[in-house]
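Descriptive analysis of the structure
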Amino acid sequence: MEKTLKRYFVVFTVPTLIAFSFAFIIPFVQGLYLSFCEFTTVGNAKWVGLENYKLAFSSGQGFTSAMLFTVAFTVVSVITINLFAFTIALMLTRKLKGTNLFRTVFFMPNLIGGIVLGYTWQQMINAVLYQFETTIVANPKYGFVGLVVLMNWQMIGYMMIIYIAGLQNVPTELIEAAKIDGATAWQTLIKVKLPMVMSSVTICMFLTLSNSFKLFDQNKALTNGAPMNKTQMLALNIYDTFYGKTGYEGVGQAKAVVFFVIVAVIALVQLSFTRSKEVEQ
């Protein structure tokens, strides 16, 4: 069997490598090159060196403020989503009645598109704020809280499913042994269950972190960066620069490259840290 696999290894891998090259590697290299150019179309790119990167971080571009807003949003979202998802997963693995129904209800928001969610939550939040004669775009704090609530509502169910899968794989012998040794429910959770589901934590942390950092649809629909771009996240800032300002396509491309590097570095650090805490089962 192994000899057969080795013989046809190239046959199975080459088509995938070709597709990956055309779909990712070539566009990425071309995009990296264009970040150092001034252009309106790919065919008329003119090399300008680091000028685009200098403009990207200039005060008038709002890239730095969007980065700070995105970091703050990501920190709050990652903590709240994983905390609530893990808590709900714990409750739904205790053989309660209607568990399957609750799992379905919590998971369903993840199936709804970001644009639809954004406009729906905008209407609901504004319906409440209208009672106080204000709107979600009147104050950056409202937009920030609205985005956090929306992100939690959409992603908690998905992360919950992953945590449930991890908790169900915890050997019952370990839990019973902990009870025999006199461990409390809290001690069992911290010393037994949590270390055994660190692989699930790694996955959920990666998904929530990456999705929070590259959030676009919900940000566009919910606040569109208002007021005065104070609730504008990195993805929306890049979009507005690339498509909203003629002659700034290169600057938008430079921002996209910086954005990719930031997300990649943070994701790699997070994966390295959480994987080091995983326990082999």
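A short tour of the structure in this document, coming up. (Residues numbered from 1 in each chain as written. Predicted model: local features only at pLDDT ≥ 70, side-chain atom pairs only at ≥ 80, totals over all residues. Heavy atoms only, no water.)

**Observations concerning the nonpolar core**
Counting residues in each nonpolar core, the largest one holds 40 residues, and the members touching the most others are Phe73, Phe86, Leu147, Met159, Met160 and Tyr163. Every element with two or more residues in this core is listed here: α4 (63–91), α6 (114–129), α7 (140–168), α8 (172–180), α9 (185–196) and α10 (198–213). Here this core takes 12 residues from α7, the largest share from any one element. When residues no more than four places from it in sequence are discounted, the contact partners of leucine 147 are Phe69, Phe73, Leu215, Gln218, Asn219, Leu222, Thr231 and Met233. Grouped together as the second largest cluster of nonpolar side chains are 15 residues, Leu209, Val257, Phe259 and Ile262 included. (Core = buried A, V, L, I, M, F, W, Y, C linked by side-chain atoms within 4.5 Å. Buried < 20%, exposed > 50% of the residue type's maximum accessible area, 1.4 Å probe, protein only. Helix = DSSP H or I, 4+ residues; strand = E, 2+ residues; numbered from the N terminus. Contact = heavy atoms within 4.5 Å.)

**Examining the packing of aromatic side chains**
Tallied over the full model, the rule gives 15 aromatic pairs. Pairing tryptophan 121 with tryptophan 153 gives two aromatic rings, centres 5.7 Å apart and planes at 70°, and the pair type is edge-to-face. With tryptophan 121 in helix α6 and tryptophan 153 in helix α7, this residue pair connects regions lying 32 residues apart in the sequence. The exposure class of tryptophan 153 is partly exposed, given its relative accessible area of 38%. (Phe/Tyr/Trp six-rings, centres within 6.5 Å; stacked < 30°, edge-to-face > 60°.)

**Brief notes about a nonpolar patch on the surface**
On the surface, Phe20, Phe24, Ile25, Phe28, Val29, Leu32, Phe260, Val261, Val265 and Val269 cluster together into a nonpolar patch covering about 840 Å² of accessible area. Of all the secondary-structure elements, those providing two or more residues to the nonpolar patch are α2 (9–34) and α13 (249–276). When residues in the nonpolar patch are grouped by element, the largest group, six residues, is from α2. Structurally, phenylalanine 28 can be placed in helix α2. Given a relative accessible area of 32%, phenylalanine 28 falls into the partly exposed group. (Patch = residues over 30% accessible without salt bridge, like charges linked within 9 Å, V, L, I, M, F, W, Y side chains within 5 Å. Areas by Shrake-Rupley, 256 points an atom, 1.4 Å probe, with all protein chains shown as cover. Salt bridge = Lys/Arg side-chain N within 4 Å of Asp/Glu carboxyl O.)

**Some remarks on the environment of valine 192**
Looking at where valine 192 falls in the secondary structure, it is placed in helix α9. The sequence separation of valine 192 and valine 170 amounts to 22 residues, and the corresponding C-alpha distance is 8.4 Å. Excluding its chain neighbours within four sequence positions, the residues that come into contact with valine 192 are Leu174, Ile175, Ala178 and Gln187.

**A short note on the side chain of serine 35**
When you line up the elements, serine 35 lands in the loop between α2 and β1 (37–38). On the accessibility criterion, serine 35 (0% relative accessible area) is buried. At 2.5 Å, the side chain of serine 35 and the backbone oxygen of leucine 32 are in polar contact. Once residues within four sequence positions are removed from consideration, serine 35 is found in contact with Asn52, Tyr53, Gly250, Gln253, Ala254 and Val257. (Polar contact = N/O pair within 3.5 Å; in protein donor to acceptor, adjacent residues only side chain to side chain.)

**Re the side chain of glutamine 61**
Its place among the elements puts glutamine 61 in the loop between α3 (51–56) and α4. A distance of 3.2 Å separates the side chain of glutamine 61 from the side chain of lysine 255, its partner in a polar contact. Each residue touching glutamine 61, except ones within four places of it in the same chain, is listed here: Leu55, Ala56, Asn237, Thr241, Lys245, Tyr248, Val251 and Lys255.

**Things to note about unusual backbone geometry**
Residue proline 227 is bonded to the preceding alanine 226 through a cis peptide linkage, with omega at 0°. Tracing the backbone shows proline 227 in the loop between α11 (217–222) and α12 (234–244). Positive phi outside glycine occurs at asparagine 229, with the angle close to 65°. With respect to the helices, strands and loops of the structure, asparagine 229 is situated in the loop between α11 and α12. Under the relative-accessibility criterion, asparagine 229 is labelled partly exposed at 44%.

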